[in-house]
Amino acid sequence: MWCRAIGCIVTLTLSMLVASLTAEAQQAMKVHRTGRLHPGSPTAPDPNLEAFRQGLRDLGYVEGQNLVIAYRYAEGRDERLADLAAELVRLKLDVIVTVASGATRAVQHATRTIPIVMAGGSDPVGDGLVASLARPGGNTTGSSNLTVELPGKRLEILKEAVPQRARIAVLANPAAPGYESAMHNLTVAAQALGLHLHVVELRSPDELDAAFAAMPRAGADALIVVGDPLLLDSLRGRTVDLAAKHRLPAMYSWQELVVAGGLMSYGPSLPDMHRRLAVYVDKILQGAKPADLPVEQPTKFELIINLKTAKALGLTIPPSLLLLADEVIQ
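Per chain, the residues get numbers from 1 upward, laid out in the order the sequence is written. Per-residue local features of the predicted model are confined to residues with pLDDT of at least 70, and side-chain atom pairs are confined, for both listing and counting, to 80 or more; whole-chain, interface and lining totals are unaffected and use all residues. Values reported for side chains reflect all heavy atoms of the structure, with hydrogen atoms and water molecules removed beforehand.

1. Examining the pairing of strand E2 (residues 67-73)
Where strand E1 (residues 32-38) and E2 come together, 7 bridges link them in parallel fashion. Note on E2: the bridge partner recorded for arginine 33 is valine 68. Here is how to tell: hold the view so the strands point away, follow the path from the first strand over the helix to the second, and if it runs clockwise the crossover is right-handed. Strands are runs of DSSP state E lasting at least two residues, helices are runs of H or I lasting at least four, and both sets are numbered from the N terminus onward. Handedness of the crossover joining E1 and E2 through helix H2 (residues 47-58): right-handed. For two strands to be treated as a pair, DSSP must find no fewer than two bridges joining them.

If you want it as structure tokens, here you go:
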């Protein structure tokens, strides 16, 4: 009898242990379902996407194992964002990552419950995406790239690089969130610097050639490109090539365009910003609420100069500016 009782106890204990280990294994192998909505086109390589994936890997999330990411791209057509957002919401994801304010707004209209982590909102409070940076409220948090506050500084650096150029073309998308604020910032800076601005609006990829053709007709002798996902992703190569064709020294918002052959850029590091998004995703997957996670703002800004492009344009970049550069591409 005692042996039988002991045997039963051992069997019961082993069964409980196996059940516990099975439950732990199932918990450890839980697959998290996320989405990513981008207003542009898929590019290869995509340093921002890879930085986001690396950030997730550093936190223990591996695509194809314990993580699934559903990707949606608007291909530069903002009118597609609403439908793509609805598609992602129907997948009943744990969290959705959005790139730029337009994508964030589209997902917000599609859901008030699925957490949203936004990348690079130009002015998330002014655009009505969050209640405040410290206490976002609702289902949205993430990062702001300070797009509307930086154009004036970029214009100042461009004038230092090409002091004899006084008529500056401004290539911008009037439909982009933060457009009015960015243009106000540029106008104030131009007046202080004694520069004349000629705004060239770009609403779709089909308008790029015509936009550049209009610049020399207006007497523009330099260019500043206002940050917009359309110009960063879908039109990156064409924008840089056309600036070179028209021999326009250009200041960009993002270093990716300088790596692609643009003259210079000043702004936060987008790969670092996207890597940080993984931290937000992890916190939300662990149970944190977006409303309680402050929106992060960049604290470091990088000046990148392409000397090869400067030489091709017949420019000599002042040594004082080269000393300030975080990276100089030879």
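Moving on from the model shown.
2. Structural notes on the nonpolar core
Nine residue types can take part in a nonpolar core, namely buried Ala, Val, Leu, Ile, Met, Phe, Trp, Tyr and Cys, and a core is a set of them joined through side-chain atoms within 4.5 Å. Each residue is placed in one exposure class: buried if its accessible area under a 1.4 Å probe, protein chains only, is under 20% of its type's maximum, exposed if it is over 50%, and partly exposed if it falls in between. Counting 31 residues, the largest nonpolar core has Leu155, Ile224, Met264 and Leu321 as its most contacted members. Counting only elements with at least two residues in this core, the list comes to helix H5 (151-161), strand E6 (167-172), helix H6 (179-193), strand E8 (222-225), strand E10 (264-267) and strand E11 (302-306). Per element, the largest residue contribution to this core is 6 residues, and it comes from H6. Two residues form a contact once any of their heavy atoms are found within 4.5 Å. If we skip the residues at most four places from it in the chain, isoleucine 224 touches Pro151, Arg154, Leu155, Leu158, Ile168, Ala169, Val170, Leu171, Leu186 and Met251.

3. Brief notes about the side chain of serine 144
Note that serine 144 resides in strand E5 (residues 140-144). Judged by relative accessible area, serine 144 falls into the buried class, the value being 3%. The contact partners of serine 144, leaving out residues within four places of it in the chain, are Gly121, Ser122, Pro124, Met273, Val295, Glu296, Gln297 and Pro298.

4. A few points about the packing of H2 against helix H11 (residues 270-285)
Direction vectors running N to C along H2 and H11 enclose 35°, while the axes themselves pass 7 Å from each other. As for how H2 packs across H11, the hand of that crossing is right-handed. Residues Pro47, Asn48, Ala51, Phe52, Gly55 and Leu56 of H2 form the contact with H11, whose own contacting residues are Leu270, Pro271, His274, Arg275, Leu277, Ala278 and Val281. Gly is put with the polar residues, along with every residue not named as nonpolar or charged; the nonpolar set is Ala, Val, Leu, Ile, Met, Phe, Trp, Tyr, Cys and Pro, and the charged set is Asp, Glu, Lys and Arg. Among the residues forming the contact of H2 with H11, the class breakdown is 9 nonpolar, 3 polar and 1 charged. Where helices are involved, their axes are fitted lines through C-alpha atoms of the stretch in contact, as for all axes, and angles between N-to-C directions lie from 0 to 180°. Crossings are assigned a handedness: left-handed for a near helix turned anticlockwise from the far helix by less than a right angle, right-handed for a clockwise turn.

5. A short note on the sheet that holds strand E7 (residues 196-201)
Spatially, 7 strands are ordered E7-E6-E8-E9-E10-E11-E12 in an open sheet, and the strand pairing comes out mixed. Each edge of the sheet is formed by a strand with only one pairing partner; in this case those strands are E7 and strand E12 (327-329). The sheet shows a mean angle of 20° between the axes of neighbouring strands, direction not considered. With 2 bridges connecting them, E8 and strand E9 (residues 250-252) associate as parallel partners. Bridging across to E9, isoleucine 224 finds its partner in methionine 251.

6. Some thoughts on the sheet that holds strand E4 (residues 116-121)
Taken in spatial order, the 5 strands make up an open sheet running E2-E1-E3-E4-E5, and their pairing is parallel. In the strand order of this sheet, the two ends are held by E2 and E5, each with one partner. Neighbour to neighbour, the strand axes of the sheet diverge by 20° on average, direction disregarded. Strand direction decides the pairing type here: E1 and strand E3 (residues 95-99), joined by 4 bridges, are parallel. Directly across from arginine 36, in E3, lies its bridge partner valine 97. Relative to the sheet, H11 contacts E1, E3, E4 and E5, its axis offset from that of E4 by approximately 160°.

7. Quick word on the environment of serine 181
Turning to its location among the elements, serine 181 is positioned in helix H6. When the C-alpha positions of serine 181 and proline 151 are compared, they lie 9.8 Å apart, and in sequence the two are 30 residues distant.

8. Remarks on H2
Given 3.6 residues to a turn, an α-helix orients residues that are three or four positions apart in the same direction. Compared with the 16 Å implied by 1.5 Å per residue over 12 residues, the 16 Å span of H2 between its first and last C-alpha is a close match. Among all positions of H2, only Asn48, Leu49, Ala51, Phe52, Gly55 and Leu56 are buried. Projected onto a plane normal to the axis of H2, the buried residues spread over an arc of 160° and lie on a single side. Nitrogen and oxygen atoms within 3.5 Å of one another constitute a polar contact, given that in protein one can donate a hydrogen and the other can accept it, and given that sequence-neighbouring residues count only through two side-chain atoms. Put simply, aspartate 46 is the residue that caps the front of H2, since its side-chain oxygen is 3.1 Å from the backbone nitrogen of asparagine 48. Once H2 ends, the next one or two residues include glycine 60, with phi positive near 95°. Between the first and last residue of a helix there are one fewer steps than residues, each counted as 1.5 Å, and that sum is the expected span. The arc in question is traced by the directions running from the helix axis to the C-beta atoms.

9. What to know about the packing of H5 against H6
It is the contact of H5 with H6, at a shortest axis distance of 8 Å, that shows an interaxial angle of 35°. H5 and H6 meet at a crossing whose hand is right-handed. On H6, the residues touching Pro151, Gly152, Leu155, Glu156 and Lys159 of H5 are Ala182, Asn185, Leu186, Ala189, Ala190 and Leu193. Taken together, the residues of the contact of H5 with H6 break down into 7 nonpolar, 2 polar and 2 charged.

10. A few points about the pairing of E7
Of the strand pairs in this sheet, E6 and E7 are connected by 6 bridges, and their pairing is parallel. Bridge pairing in E7 links alanine 172 to glutamate 201. Read as a crossover between parallel neighbours, the route from E6 over H6 to E7 is right-handed.

So, to be careful, I would describe these as geometric facts and stop short of saying anything about function.
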